[in-house]
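Geometric and topological summary
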Amino acid sequence: MPTYQAPTEDTLFVLNDLLGFDRYNNLPGFADASPDVVEAILGEAGRIASEVLQPLNRVGDIEGCTRASDGSVTTPEGFKAAYDTFREGGWGSLPFDPEYGGQGLPHTLATAVSEYMSSANMAFAMYPGLTAGAIAAISVHGSNEQKQTYLPKMIDGSWTGTMNLTEPHCGTDLGLLRTKAVPQDDGSYRISGQKIFISAGEHDMADNIVHLVLARIEGAPEGVKGISLFIVPKFVLDADGNPGERNGVVCGSLEEKMGIHGNATCVMNYDDATGYLIGEADKGLRAMFTMMNEARLGVGVQGLAISEVAYQNAVTYARERIQGRSLSGAKAPEKKADPIIVHPDIRRILMTIRSINEAGRALVLWTALKGDLSHRADEEKDRQAADDWMGLMTPVIKGVLTDKGFDNAVMAQQVYGGHGYIGEWGMEQFVRDARIAQIYEGANGIQALDLVGRKLGLNGGRAVQSFFAEVGQFCEENRADEAMAPLTKALKKGLNDLQQATMWLMQNAMAKPDNAGAASTDYMHLFGLVAMGYMWGRMAKVAQEKIAAGANGRSEFMEKKLLTARFYMERVMPESAAHLARISTGADSMMAMDADAF
C-alpha cells in the first residue's frame, strides 16, 4: 500500500525563503498568516492528508460511487466521515471573505493545502475544490442577495458546488450548447437540458449542492454571445433559506471512467429546474471563466500532487528493492544484491521527477502569490503586473504540470517493474488518476492554443515581455557569480530558445494560422521549462546564500536544492532546443496529408 507525507519543509522553504511571505504582512489577510500560523496550518493539513485522506484513496478507487434508482449517489466508505472532518476543521474556508464566514487568509496558503489533499486523495479533494471555484464565481458575479444566501453555507462546507458546462455534443465549443432557460414571472428561470462529465454532481456528503449551469435564455443570440450562467440548487431553498423541495435536477447516470473513481462524475438531467441568473444575461462565459481560471490552476496543482506522491513511493521502493549490483562496485556487499537506487537509470527517473516537482511547487506558489497580489496589493501597477503574470502562467501551469504529472507517474511506476502494474502497490492508480488532469478544465491542447493565440499578444505582449525581462535580468545579475554561472548559462540558453520561438511565431503565425496551432504544445512546454528553470535559478540563489550564512541547521536541505538545481539545468533544460527545432519546422508536414489518408 502506498504512503504519503506532506512536503511541508519544501513548502515552507518556498513560502519563507523564496517568496518572503511575511514581507506582505501589511496587506489584507497576510497579517494573520504569520510564520508560526502558516507552519501550524501546513502541519495539520499534512497530518489530515496522510492520516485521514490517504488511507481512503485505494478504498475510493476500488469501491467507487454508487447510484440508486432515484438518482441519489453514495460515496465510498469513509468519504462522508472524512468530509465531516474536513468541514469541521474549516479547511474549505481558508481563503474566503470573513463577511461570509471565511478565514480571509491568502489563497497562496490554501493552494499549498490543496496540494497535500490532492496528493493524498485526488478524488476526494475534488469535492471541496469544485466548491471553491463556485464560491469564486458567486463572489465576483453574484448579487448581494445571492452572496448572502449561498456563500456562508458553501464556505463552511455544509453545501458544495459544481460547474456544469459540457454537453454530449459539445465540450470546448460552448457556443453549441443547447440547455435552455425560460424566464418566469418571479424573476427565476426554468432550466432544461443535459450536462455530462459533471464532477461531484451528486453525492451524500452535503445538505445541498449548488450547481452553476451554463444555458441559453430563450431568444438569446446563437454562439457564445448568447450564453448565461445560472445557480440551480439541488434543493430549492424555503423562505428561511434552508433546503426545501427537491429541484428538477437529477443524476441520470454515473460515468464509468479510467480513474478518480471516488469522485461522482455524473450525467445531470435538468427538467424545468428552478434557476437564478448570475450577473448579466448573455454574459455567462465571463462569469464561468472566473471558475475556469481558478479550476485550471487547481488542476495544475493536481498534476504536481500526483507526481509528488508517486515520487515518494518510488523512492521508498528504490531504497528497499534489491536487484543487481552497482556498475561501479557493490554498494551493499553484505546483501545478495544492491538496492536499485544505486543504478543510474533509476536515479535518472527519480531526479527528473524530483526536479520537476520542486520547481513546479515553486511556480505554483509563486503564481498563487501573484493572484493574491492582483487583488490585495496597494499600488495599481503592482496589481496589474501580478494579474499579467497570473494570466500568462495559468495555461502553462495547467498544461505543463498535468502533462508532467502523468509522465512522472508513469516513470515512477517504471521503478517498480512488474509490481508497478499490480493494483496493491498503488502506482497504477496514480497513473490512471493523473490522466484526467490533462483532459478536464480545458484539454491541454486548448491550454497551448490559449497561450499562443491569446496570452502572448494580450495588451501588446506586455506580460510575456515582462517575463522575458525578469528572467533575463536575473541571469545578467548572477552571471559573474562563479557558483551560479553554470545555472544561469543554462537558463539563459533556454530563455534564448523561448524568445526565438516567440519571434518565429510573430513572423509566421499571422499569415498561416496553422503554424501557431502546430507550434502551440511545444511552445507551452518550452515556456514551462524556462519558467521552472527560473524557479530553480531563484531557489539555488537562496540556497547558496543560506549556506554562506550558516544555513541555521538546514545545510543538508540547501545542498540538496543546489544538487537538484544542477540536475535540472544539465538534464532537463536542454529539452528547450528540441522544442524550438520542432516549432521552427512549421505546420507543412503536419497538415499536408489528406484527412482520408490517415
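Since the structure is predicted, the reported quantities are computational estimates derived from the model, not experimental observations.

Let us now look at the overall build of the protein chain. Across its full length, the protein chain carries 18 helices and eleven strands. For 598 residues, the compact-globule estimate of 2.2 N^0.38 gives 25 Å, and the protein chain sits close to it at 24 Å. With the principal axes as the frame, the protein chain shows a C-alpha extent of 80 × 60 × 60 Å. By the burial criterion, 57% of the 598 residues in the protein chain qualify as buried.

Across its 20 residues, helix α6 (residues 122-141) extends 28 Å between first and last C-alpha, which sits within 8% of the 28 Å expected from 1.5 Å per residue. With 17 of its 20 residues buried, α6 lies for the most part within the structure.

On to the state of the cysteines, then. Within this structure, the stated rule accounts for zero disulfides. The thiol sulfur of C65 is not disulfide-bonded, and the nearest other cysteine sulfur, from C266, lies at 7.7 Å. Here C65 falls in the buried class, since its relative accessible area comes to 15%. Looking at the unpaired C266, the closest cysteine sulfur is the one in C251, lying at 3.7 Å.

Here we come to the nonpolar core. Ranked by size, the top nonpolar core spans 194 residues in total, and within it L212, V415, F467, Y523 and F527 carry the most contacts. Ranked by residues supplied to this core, first place goes to helix α8 (residues 284-320) with 18 residues.

Two numbers describe a pair of aromatic rings. These are the distance of the centres and the angle of the planes. In total, this model carries 19 aromatic pairs according to the counting rule given. The interplanar angle of 55° and the centroid separation of 5.2 Å between the aromatic rings of F21 and F30 together place this pair among those described as tilted. Aromatic pair F79 and F124: ring centres 5.7 Å apart, planes at 70°, arrangement edge-to-face. With a gap of 45 residues between them, F79 in helix α4 (residues 79-88) and F124 in helix α6 connect regions that are remote in the sequence. The class of F124 is buried, set by a relative accessible area of 1%. Here the aromatic residues W366, W389, F467, F468, F474, Y523, F527 and Y534 are joined through ring pairs into a cluster of three or more. In this structure, R246 is placed above the aromatic ring of F235, and the distance from its NZ or CZ to the ring centre is 5.7 Å. In this arrangement the basic side chain of K370 is found over the ring face of W389, its NZ or CZ atom lying 5.4 Å from the centre.

Below, the discussion takes up the environment of G528. Along the chain, the position of G528 falls in helix α15 (residues 513-548). G528 sits in the buried class, given a relative accessible area of 1%. Along the sequence, G528 and P395 sit 133 residues apart, while their C-alpha atoms lie 9.7 Å from each other. Residues contacting G528, with those up to four places away along its chain left out, are V396, V400 and Y568.

What follows concerns helix α10 (residues 380-415). Counted at 1.5 Å a residue, the expected span for α10 with its 36 residues is 52 Å, and the 49 Å between its end C-alpha atoms agrees. Along its length, α10 shows its largest kink, about 35°, at M393, and proline P395 lies within four residues downstream of that point. Where α10 ends, the next residue or the one after it, G417, has phi of about 60°, a positive value.

Here we come to the pairing of strand β11 (residues 265-278). By the criterion of burial, β11 is predominantly enclosed, with ten of the 14 residues buried. Pairing geometry for strand β5 (residues 189-199) and β11, over eight bridges, is antiparallel. If you follow S199 over to β11, its bridge partner there is T265. In the sheet, strand β7 (residues 228-233) pairs with β11 via three bridges, with the strands oriented antiparallel. Bridge assignment links L229 to a residue of β11, and that residue is I278. As judged from the five bridges shared by strand β10 (residues 249-254) and β11, these two strands associate in the antiparallel manner. Among the inter-strand pairings, S253 is bridged to a residue of β11, identified as V267.

Our next topic: the side chain of K370. Tracing the chain through its elements places K370 in helix α9 (residues 344-376). Salt bridges are absent for the buried K370, whose nearest opposite-charge side chain, E470, sits at 5.1 Å. When residues no more than four places from it in sequence are discounted, the contact partners of K370 are A386 and W389.

As a further point, take the packing of helix α14 (residues 485-508) against helix α17 (residues 575-584). Close contact between α14 and α17 brings their axes to 9 Å; oriented N to C, the two are set at 10°. Between α14 and α17, the angle falls in the class roughly parallel. Only S576, A577, L580, I583 and S584 of α17 make contact with α14, whose side of the interface consists of K493, G494, D497, Q500, A501 and W504. Counted by class, the contact of α14 with α17 contains five nonpolar, four polar and two charged residues.

Considering the arrangement of structural elements, one finds N313 in helix α8. For N313, the side chain forms a polar contact with the main-chain oxygen of V309, separated by 2.8 Å. With residues up to four places along the chain from it excluded, the contact list for N313 reads P2, T3, Y416, M427 and F430.

Criteria and cut-off values
Residues numbered from 1 in each chain as written. Predicted model: local features only at pLDDT ≥ 70, side-chain atom pairs only at ≥ 80, totals over all residues. Heavy atoms only, no water. Helix = DSSP H or I, 4+ residues; strand = E, 2+ residues; numbered from the N terminus. Rg over C-alpha atoms; globule rule 2.2 N^0.38 Å. Buried < 20%, exposed > 50% of the residue type's maximum accessible area, 1.4 Å probe, protein only. Expected span 1.5 Å × (residues − 1). Disulfide = S-S within 2.5 Å. Core = buried A, V, L, I, M, F, W, Y, C linked by side-chain atoms within 4.5 Å. Phe/Tyr/Trp six-rings, centres within 6.5 Å; stacked < 30°, edge-to-face > 60°. Lys NZ or Arg CZ within 6 Å of the ring centre and 35° of its normal. Contact = heavy atoms within 4.5 Å. Bend = angle between axes of the 7 residues up to and from the residue. Pairing = 2+ DSSP bridges. Lys, Arg positive; Asp, Glu negative; His and termini not counted. Salt bridge = Lys/Arg side-chain N within 4 Å of Asp/Glu carboxyl O. Axes fitted to C-alpha atoms, helices over the stretch in contact; angles between N-to-C directions. Parallel < 35°, antiparallel > 145°, perpendicular 65-115°, else oblique. Nonpolar A, V, L, I, M, F, W, Y, C, P; charged D, E, K, R; others polar. Polar contact = N/O pair within 3.5 Å; in protein donor to acceptor, adjacent residues only side chain to side chain.

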